[in-house]
Amino acid sequence: MRIRRVPSPPRMARFHIPAPALPSPRLRGRGWRSWRGPRTWAGVDRRPPSVRRGRSRPATAATTSAGAQPGTHTESLGSSADPGPYPRSSPCTMDWQPDEQGLQQVLQLLKDSQSPNTATQRIVQDKLKQLNQFPDFNNYLIFVLTRLKSEDEPTRSLSGLILKNNVKAHYQSFPPPVADFIKQECLNNIGDASSLIRATIGILITTIASKGELQMWPELLPQLCNLLNSEDYNTCEGAFGALQKICEDSSELLDSDALNRPLNIMIPKFLQFFKHCSPKIRSHAIACVNQFIMDRAQALMDNIDTFIEHLFALAVDDDPEVRKNVCRALVMLLEVRIDRLIPHMHSIIQYMLQRTQDHDENVALEACEFWLTLAEQPICKEVLASHLVQLIPILVNGMKYSEIDIILLKGDVEEDEAVPDSEQDIKPRFHKSRTVTLPHEAERPDGSEDAEDDDDDDALSDWNLRKCSEAALDVLANVFREELLPHLLPLLKGLLFHPEWVVKESGILVLGAIAEGCMQGMVPYLPELIPHLIQCLSDKKALVRSIACWTLSRYAHWVVSQPPDMHLKPLMTELLKRILDGNKRVQEAACSAFATLEEEACTELVPYLSYILDTLVFAFGKYQHKNLLILYDAIGTLADSVGHHLNQPEYIQKLMPPLIQKWNELKDEDKDLFPLLECLSSVATALQSGFLPYCEPVYQRCVTLVQKTLAQAMMYTQHPEQYEAPDKDFMIVALDLLSGLAEGLGGHVEQLVARSNIMTLLFQCMQDSMPEVRQSSFALLGDLTKACFIHVKPCIAEFMPILGTNLNPEFISVCNNATWAIGEICMQMGAEMQPYVQMVLNNLVEIINRPNTPKTLLENTAITIGRLGYVCPQEVAPMLQQFIRPWCTSLRNIRDNEEKDSAFRGICMMIGVNPGGVVQDFIFFCDAVASWVSPKDDLRDMFYKILHGFKDQVGEENWQQFSEQFPPLLKERLAAFYGV
């Protein structure tokens, strides 16, 4: 059986649970969920996006143009070189005053920049570029922001935001008097009467601070901390707002020796304000301290008990923002200082149960995060078991769509398939290079399950209570397993058969959420539930139909394990109807669910291929842009799942014309090529010789894409100021499709390779700085080695040193594919491999002995070491003792196949050369031999001779003692197959 490549993770995100596009939460400095990897759920990355609410405005020409890099101009705005009729202003000093005429024109420019007219915006953009040549233009901007109180607030704030962009783009070029004037104005006006202006000045301060100015502005922190003591509310609030932003942006620096650890003063200061009479100030104070929890800042750890005590005192605060920050603090403390919370855990859980039902959804969402975090703690089961009876109904209730959700989702729109997608509907997607894996006994290929749940379209921008409740139920189901069901099943029946569609929809979502964790306990109910869910695929509400698709996909594994006519056939029939649904959201959900079903069912789908292809091909003419990309995924997954069964003239005639039509429509620079190339790669591999009529133009275009990208990369390297960096994804998908062609066409690809410069291009790609390019290059090299070694052989002397240097497990997938390619080259080179053994052997031995090496890499490394030993036993055998144990354990779970066969022949030949190398670990060799189900006769003889040779050498009595260590199953297998 050949090695199979699967994208890692699989090619496209699957459907995610629908959710509305709500405003994104504010980024919590470094902290917000940056301390752990993303939680994926039904296609949703559970981290909120790093969007900072309150610091950005709608993009206008003014706010998007940070301006041209200031030149060497020393003139003031209004000097003779001025682009407009600005009179000369006074010099840049701390008592700087603007020229009145210049000020009026700056104000006019600010007004114009708020115009929706595109032509006006362009003029503003050009004018800003000109004005940025004059350093004191920035003085005008700060003047409008801080002193021109007669102007309306939006104009003043806009002036500050343009200045912020200028600071961001080229603060280092500001003359010192200008920089000093701006800094002084910020500190003098942080207590402006307008909250919008205070916030804008705070943003400006933290932007200056983030340009390395915290060290160069020593008075900033002491002055802001002093302003906290002001009797004036605006001054105190403005200073706190600025400090909160600095804490978010510079948390590590504040706890460093570089600044003399100001946190030692700041943390106790912030704690004093937890009892302030203003809720806004209390909220700022908690938010500031919260920034330092995840980094375990020493100043906070020294005051941790006071902090927790103060949090408890604020637990029932009237202000929702304060309650939200209290919940946020407790969630983070649960992760980093659970020891301090354990004595109070019962009370905290009771509190969080209340807050998860808070009338303010932001507070409820923050509290709901607590259950996600608690589920990851070892004490979860112990402390939460007695509270499940209260918690489960709360989470289930949180999974209903709110009225605003339904409006935003256009939940009442049933048919929208004719409405073209807008550009923002289509999230940028990124190609994942091919990775080489080996088939296992009773296992799916690596990454075929969890990696599917990748983020999708609007998923990142709308982390809400519904999604968080579902995520919490999902993780808790994985902790409590069947113990969750007594609390859930009584609720489920009422939900699933409820007359209100919103309630029914939430029940279907609950059923999907518990699928992974409670599968065993749900099995008795599935014969009744699956038909009900299939029925829900025909519901009159689109949102019910779409969620039913997702939930059914979560139970696909069970469906496929039953007789096909029972559930698989009805499910497949209904899902195919939903693929042609009139609602785009349902189309998307059905297509993704069907792709999951394809992966589970594999060749079970072969009898229905004609019907499946008719549906998928019909969808080509029906789908808008976004769903078309998901359709490519469903077709590619079908090809991966049924393999060569697709190679029938009838199927080829249905499938290939629409794919080739799309291929011809798309330009070389169109990113829609990515999913199409991935799809074609799977199709080419499956169709094998059936792809021959289409292979030449496809092959040539792939080579052209690689060549173009390499040429662009070279031009960019040589002249970065003139050329843009190329998008290397074009090259990666092209290399992967060439791999698919080589794998599918085998020897037929030889003529195409002969007529192209692919080997020269491959030599360049193998040395590319981007790991994904190298990863795909080595996959292609391995496939070309198998398909047409005649063209690879002349390049081996150049290729082998590159392969050797890429045996670096820091880049797992690159290392994996390089290792696999070396193994394939061994099998073609035979004894001629001898000059290259030392180039790669030490690295391979190091990798196989490395702790925590991923399973796929271990397996490929073991195969390649075995193959090296097969062709050059004299060179490899002396190192046998250094790798025999991990070698045996790595390959014991691999199914019988050609790769395993050649590797075991190699190990047997090495044992023949160096029998002493295996003596200490002979039990592991016995175990690996016993993993074979049906080795070829000559390989079985090799095993027989080694086993009996060892037994004869040690004698019957010693062998008996030795074999006593064997597990019973191993003993039985060796006795039955080899008579030892």
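Residues numbered from 1 in each chain as written. Predicted model: local features only at pLDDT ≥ 70, side-chain atom pairs only at ≥ 80, totals over all residues. Heavy atoms only, no water.

A.B. asks: Is there a simple way to think about the pattern of salt bridges in this case?
C.D. replies: Between side chains of opposite charge, pairing is possible as soon as their charged atoms come close. For the coordinates displayed, the defined rule picks out 44 salt bridges. Close ionic contact of E185 with R147 constitutes a salt bridge, the shortest N to O distance being 2.7 Å. Separated by 38 residues along the polypeptide, E185 in helix 6 (residues 176–188) and R147 in the loop between helix 4 (137–146) and helix 5 (153–170) bring together distant segments of the chain. Under the relative-accessibility criterion, R147 is labelled partly exposed at 31%. (Salt bridge = Lys/Arg side-chain N within 4 Å of Asp/Glu carboxyl O. Helix = DSSP H or I, 4+ residues; strand = E, 2+ residues; numbered from the N terminus. Buried < 20%, exposed > 50% of the residue type's maximum accessible area, 1.4 Å probe, protein only.)

A.B. asks: Help me out: how do you make sense of the packing of aromatic side chains in this one?
C.D. replies: Remark: the centre distance and the inter-plane angle together describe each pair of aromatic rings, the angle taken between the planes. For the coordinates displayed, the defined rule picks out 27 aromatic pairs. Taking the centre distance of 5.7 Å and the plane angle of 35 degrees together, the rings of F922 and F925 count as tilted. Here F922 pairs with F925, and both are found in helix 48 (residues 922–930), just 3 residues apart, close to one helical turn. The pair formed by F922 and F925 is uniform in burial state, with each residue classed as buried. With a centroid separation of 3.8 Å and an interplanar angle of 15 degrees, the aromatic rings of F922 and F950 are classed as stacked. Of this pair, F922 sits in helix 48 while F950 is found in helix 49 (residues 937–954), placing the two residues 28 residues apart along the sequence. F950 shares its class with F922; the two are buried. (Phe/Tyr/Trp six-rings, centres within 6.5 Å; stacked < 30°, edge-to-face > 60°.)

A.B. asks: Help me understand the nonpolar core, please; the structure alone is not making it clear to me.
C.D. replies: The nonpolar side chains of soluble globular proteins are, as a tendency, buried together. Core analysis: the largest hydrophobic core is formed by 325 residues, its most contacted members being F307, W371, I514, F691, M833, F883 and W887. Ranked by residues supplied to this core, first place goes to helix 36 (residues 729–745) with 11 residues. The contact partners of I514, leaving out residues within four places of it in the chain, are L473, A477, L484, L485, L488, L492, M519, M522 and Y555. (Core = buried A, V, L, I, M, F, W, Y, C linked by side-chain atoms within 4.5 Å. Contact = heavy atoms within 4.5 Å.)

A.B. asks: Explain the confidence of the model for the chain here, please?
C.D. replies: Where the model shows low pLDDT, its predicted coordinates should not be examined in detail. With 86% of its residues at a pLDDT of 70 or more, the chain shows a mean pLDDT of 86. Counting interchain partners and residues more than four positions distant, the pLDDT-below-50 stretch residues 1–74 has 273 contacts. Low pLDDT, under 50, characterises residues 441–461; the stretch is placed with 66 contacts to residues that sit more than four places away or in other chains. (pLDDT = per-residue confidence, 0-100.)

A.B. asks: How should I be thinking about the packing of helix 17 (residues 345–355) against helix 18 (residues 361–374) in this particular structure?
C.D. replies: Axes are the key here: two packed helices are described by the angle between their axes and the distance separating the axes. Axis separation between helix 17 and helix 18 bottoms out at 8 Å; the angle between their running directions is 135 degrees. In this view, helix 17 runs oblique relative to helix 18, as classed from their interaxial angle. The handedness of the crossing between helix 17 and helix 18 is left-handed. Two secondary-structure elements touch here, helix 17 through M345, I348, I349, M352, L353 and R355 and helix 18 through V363, A364, A367, F370, W371 and L374. Residues of the contact of helix 17 with helix 18, tallied by class, amount to 11 nonpolar, no polar and 1 charged. (Axes fitted to C-alpha atoms, helices over the stretch in contact; angles between N-to-C directions. Parallel < 35°, antiparallel > 145°, perpendicular 65-115°, else oblique. Left-handed = near helix turned anticlockwise from the far one by under 90°. Nonpolar A, V, L, I, M, F, W, Y, C, P; charged D, E, K, R; others polar.)

A.B. asks: Looking at this structure, I do not really get a nonpolar patch on the surface. What am I missing?
C.D. replies: Taken together, the side chains of I404, I407 and L408 make up a nonpolar region of the molecular surface, amounting to roughly 300 Å² of accessible area. What makes L408 partly exposed here is its relative accessible area of 41%. (Patch = residues over 30% accessible without salt bridge, like charges linked within 9 Å, V, L, I, M, F, W, Y side chains within 5 Å. Areas by Shrake-Rupley, 256 points an atom, 1.4 Å probe, with all protein chains shown as cover.)

A.B. asks: Could you clarify how one ought to interpret the packing of helix 32 (residues 625–642) against helix 34 (residues 673–687) in this entry?
C.D. replies: Put simply, helix 32 and helix 34 touch, their axes get as near as 8 Å, and they point 20 degrees apart. Between helix 32 and helix 34, the crossing angle belongs to the class labelled roughly parallel. The hand of the helix 32/helix 34 crossing is left-handed. For the pair helix 32 and helix 34, contact is made by L629, Y632, I635, G636, A639 and D640 and by P675, L676, C679, S682, V683 and A686, respectively. The residue inventory of the contact of helix 32 with helix 34, partitioned by class, reads 9 nonpolar, 2 polar and 1 charged.

A.B. asks: I tried to follow the environment of L158 on my own but got confused; where do I start?
C.D. replies: Residue position: L158 is located in helix 5. Taking the relative accessible area as the measure of exposure, L158 reaches 1% and is therefore buried.

A.B. asks: Help me understand unusual backbone geometry, please; the structure alone is not making it clear to me.
C.D. replies: The phi angle of most residues is negative, glycine excepted, and most peptide bonds adopt the trans form. The backbone phi angle of R261 is positive, close to 45 degrees, even though this residue is not glycine. Relative to the helices and strands, R261 resides in the loop between helix 10 (251–254) and helix 11 (263–272). For R261, a relative accessible area of 30% corresponds to the partly exposed category. Phi at R481 is positive, roughly 50 degrees, even though this residue is not glycine. Mapped onto the elements of the fold, R481 is located in the loop between helix 22 (465–480) and helix 23 (485–496).

A.B. asks: Hey, could you run me through helix 32 in this one?
C.D. replies: Quick reminder: α-helices carry 3.6 residues per turn. Residues three or four places apart thus point the same way. With 18 residues, helix 32 extends 27 Å from end C-alpha to end C-alpha; this agrees with the ideal 26 Å at 1.5 Å per step. Of all 18 residues making up helix 32, 16 are buried, and the element is well covered by its neighbours. Remark: G643 follows helix 32 within two positions and exhibits a positive phi of approximately 55 degrees. (Expected span 1.5 Å × (residues − 1).)

A.B. asks: I'm lost on the side chain of K504 in this one. Help?
C.D. replies: Mapped onto the fold, K504 is located in helix 24 (residues 501–513). Sequence-distant contacts of K504, defined by excluding residues within four places in its chain, comprise L495, L496, H498, D539 and V544.

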